[in-house]
There are 2 protein chains.
Amino acid sequence: MQLTSFTDFGLRALMYLAMLPPGELTSITVVTEKYGVSRNHMVKIIHRMSQAGYVEAVRGKNGGIRLGKPAASIVIGEVIRALEPLHLVNCGEDNCHITPACRLKDALANAMQAFLAEMDNHTLHDLVAGNNSLHRLLIPVRPA
Amino acid sequence: MQLTSFTDFGLRALMYLAMLPPGELTSITVVTEKYGVSRNHMVKIIHRMSQAGYVEAVRGKNGGIRLGKPAASIVIGEVIRALEPLHLVNCGEDNCHITPACRLKDALANAMQAFLAEMDNHTLHDLVAGNNSLHRLLIPVRPA
């Protein structure tokens, strides 16, 4: 039971963007290098997060990417709903003939809701605010 | 975010065993055929569930497998803990350099606990008791 790397790196990318000064642009290449993920994979992740409003992509020569809204209004449970396939098992009569009578699928659906409700208690702001250790790991010290 | 097929078929196997008359033996081959999974995969699943006490394997010519304890004392959350890798993301500094400062991993761990706590509300008995539709799908009608 793992998050897909799509969601995993999506959340990591958001944490990086939230660490930048408000409004500052960065590039997909920089985010890619922060986490050692393939650029192609990150392009797809950023595209999806842009569609969902979590990332703003600014076109043009001086363009780049940044958070699409304030970190305090980005709820982590919502991000997971937007990025992650949430079917814990492959139900449906084509995959499992007991589906119509299966109470396990209902129990799993309730447990998934409990999982997401817990993640709804956290915003992107909560993950990064005052997190100096994270800042040191993600943002290089700039010359004065 | 999916359960592994190991856990998925483990839970399905337990539901089948719980549908049989108490104490009745069946075989891994029969369970395999019920769900269209490879016999090799099911052998490993049954072996793990036997180690965990959920399945009893009776050796010998008239041997077979059956539930290792009453269905009412098999808690689904516990079965998932026994069968499923529960690390939602690959943390650890070898995999992700922000691990020491990452609050996301703590949020995910709490959400996983919420998921398991919800699954702890269900026993194997709850999934099968009075479930005539499931019985019809799993147990063939025997001649009178």
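These numbers come from a predicted model, not from an experiment.

*Asks:* Sorry if this is basic, but what is going on with the interface of chain B and chain A here?
*Replies:* The parts lose accessible area when they come together, and the size of an interface is often stated as this lost area. Contacts between the two partners involve 48 residues from chain B, matched on the other side by 48 residues from chain A. Both sides together, the interface formed by chain B and chain A hides about 4,000 Å², and carbon and sulfur atoms give 66% of it. Between chain B and chain A we count 18 residue pairs in polar contact (both at pLDDT 80 or more) in total. If you list the elements that add at least two residues to the side of chain B that touches chain A, you get helix 1 (5-19), helix 2 (28-35), helix 4 (76-83), helix 5 (104-119), helix 6 (124-128) and helix 7 (132-138) of chain B. Broken down by element, the side of chain B that touches chain A gets its largest block of residues, 10 residues, from helix 5 of chain B.

*Asks:* What is the right way to look at the relation of the copies chain B and chain A in this model?
*Replies:* Relating one copy of the chain to the other takes a rotation about an axis and a shift parallel to that axis. Of the two same-sequence chains, chain B is brought onto chain A (RMSD 0.0 Å, axial shift 0.0 Å) by a rotation of 180°. Seen this way, the second copy is the image of the first under a two-fold rotation axis. Across chain B, the smallest distance between a C-alpha and the rotation axis is recorded for Phe115 of chain B, namely 2.5 Å.

*Asks:* Is there a simple way to think about the packing of helix 1 (residues 5-19) of chain A against helix 4 (residues 76-83) of chain A in this case?
*Replies:* Helix packing for two helices is described by the angle between their axes and how far apart those axes are. All names here are of chain A. Remark: helix 1 packs on helix 4, axes separated minimally by 10 Å, with the N-to-C direction vectors making an angle of 140°. On the basis of their axis angle, the class for helix 1 and helix 4 is oblique. Crossing geometry of helix 1 relative to helix 4 is assigned as right-handed. In contact with Phe6, Thr7, Gly10, Leu11 and Leu14 of helix 1, helix 4 contributes Ile76, Val79, Ile80 and Leu83. Residue classes in the contact of helix 1 with helix 4 are distributed as 7 nonpolar, 2 polar and no charged.

*Asks:* Would you take a moment to explain the pairing of strand 2 (residues 64-67) of chain A for this structure?
*Replies:* Two faces, one strand: in a regular strand the side chains alternate between the faces of the sheet. Residue and element names in this part refer to chain A. Inspection of the sheet shows strand 1 (residues 55-58) paired to strand 2 by 4 bridges, in the antiparallel sense. Paired with Ala57 across the two strands is Ile65, which belongs to strand 2. Taking the residues that link successive antiparallel strands as the turn, the strand 1-strand 2 hairpin has 5 residues, and the phi of Gly60 there is positive, at about 105°.

*Asks:* Would you take a moment to explain helix 5 of chain B for this structure?
*Replies:* Each full turn of the α-helix corresponds to 3.6 residues, which orients residues three or four apart in the same direction. Compared with an ideal rise of 1.5 Å per residue, which puts 16 residues at 22 Å, helix 5 of chain B spans 23 Å between its outermost C-alpha atoms and is within 8% of the ideal. Of the residues making up helix 5 of chain B, those classed as buried are Leu104, Ala107, Leu108, Ala111, Met112, Phe115, Leu116, Glu118 and Met119 of chain B. Structurally, helix 5 of chain B contributes buried residues whose contacts are with helix 1, helix 4, helix 5 (104-119) and helix 6 (124-128) of chain A together with helix 4 of chain B.

*Asks:* Quick question: what am I supposed to make of the environment of Tyr35 of chain A here?
*Replies:* Tracing the backbone shows Tyr35 of chain A in helix 2 (residues 28-35). Judged by relative accessible area, which is 6%, Tyr35 of chain A ranks as buried. Taking the C-alpha atoms as reference points, Tyr35 of chain A and Ala13 of chain A, separated by 22 residues in sequence, lie 8.3 Å from one another. Beyond its immediate stretch of four places on either side in the chain, Tyr35 of chain A contacts Phe9, Arg12, Ala13, Met15, Tyr16 and Leu138 of chain A together with His97 and Ile98 of chain B.

*Asks:* Teacher, can you tell me more about helix 4 of chain A here?
*Replies:* Of all the positions in helix 4 of chain A, only Ile76, Gly77, Val79, Ile80 and Leu83 of chain A are classed as buried. Along the long axis of helix 4 of chain A, the arc covered by the buried residues comes to 160°, so they all point the same way. Among the structural elements, helix 1, helix 3 (39-51), helix 5 and helix 6 of chain A together with helix 5 of chain B are those in contact with the buried residues of helix 4 of chain A.

*Asks:* In this structure, what is going on with the environment of Leu116 of chain A? I would like to understand it.
*Replies:* All names here are of chain A. Looking at the secondary structure, you find Leu116 in helix 5. For the pair Leu116 and Gly77, spaced 39 residues apart in sequence, the C-alpha to C-alpha distance is 5.2 Å. Those residues in contact with Leu116, other than ones at most four positions away along the chain, are Gly77, Ile80, Arg81 and Leu86.

*Asks:* What is the right way to read the pattern of salt bridges from this model?
*Replies:* Per the stated rule, a full pass over the model turns up 8 salt bridges over all chains. Between Arg66 of chain A and Glu56 of chain A there is a salt bridge, with its nearest N and O atoms 3.0 Å apart. One end of the pair, Arg66 of chain A, is in strand 2; the other, Glu56 of chain A, is in strand 1, with 10 residues separating them in the sequence. Residue classification places Arg66 of chain A among the partly exposed residues on the basis of a relative accessible area of 24%. Across the pair Arg81 of chain B and Asp120 of chain B runs a salt bridge, and its minimum N-O distance is 2.8 Å. Here Arg81 of chain B is found in helix 4, whereas its partner Asp120 of chain B is found in the loop between helix 5 and helix 6, with 39 residues between them in sequence. Here the salt bridges share partners, and the residues they tie into one network are Glu78, Arg81 and Asp120 of chain A.

Criteria and cut-off values
- Residues numbered from 1 in each chain as written.
- Chains lettered and ligands numbered in written order.
- Predicted model: local features only at pLDDT ≥ 70, side-chain atom pairs only at ≥ 80, totals over all residues.
- Heavy atoms only, no water.
- Contact = heavy atoms within 4.5 Å.
- Buried area = accessible area lost by both parts, 1.4 Å probe.
- Polar contact = N/O pair within 3.5 Å; in protein donor to acceptor, adjacent residues only side chain to side chain.
- Helix = DSSP H or I, 4+ residues; strand = E, 2+ residues; numbered from the N terminus.
- Least-squares fit on C-alpha atoms with pLDDT ≥ 70 in both.
- Axes fitted to C-alpha atoms, helices over the stretch in contact; angles between N-to-C directions.
- Parallel < 35°, antiparallel > 145°, perpendicular 65-115°, else oblique.
- Left-handed = near helix turned anticlockwise from the far one by under 90°.
- Nonpolar A, V, L, I, M, F, W, Y, C, P; charged D, E, K, R; others polar.
- Pairing = 2+ DSSP bridges.
- Expected span 1.5 Å × (residues − 1).
- Buried < 20%, exposed > 50% of the residue type's maximum accessible area, 1.4 Å probe, protein only.
- Arc of directions from axis to C-beta.
- Salt bridge = Lys/Arg side-chain N within 4 Å of Asp/Glu carboxyl O.

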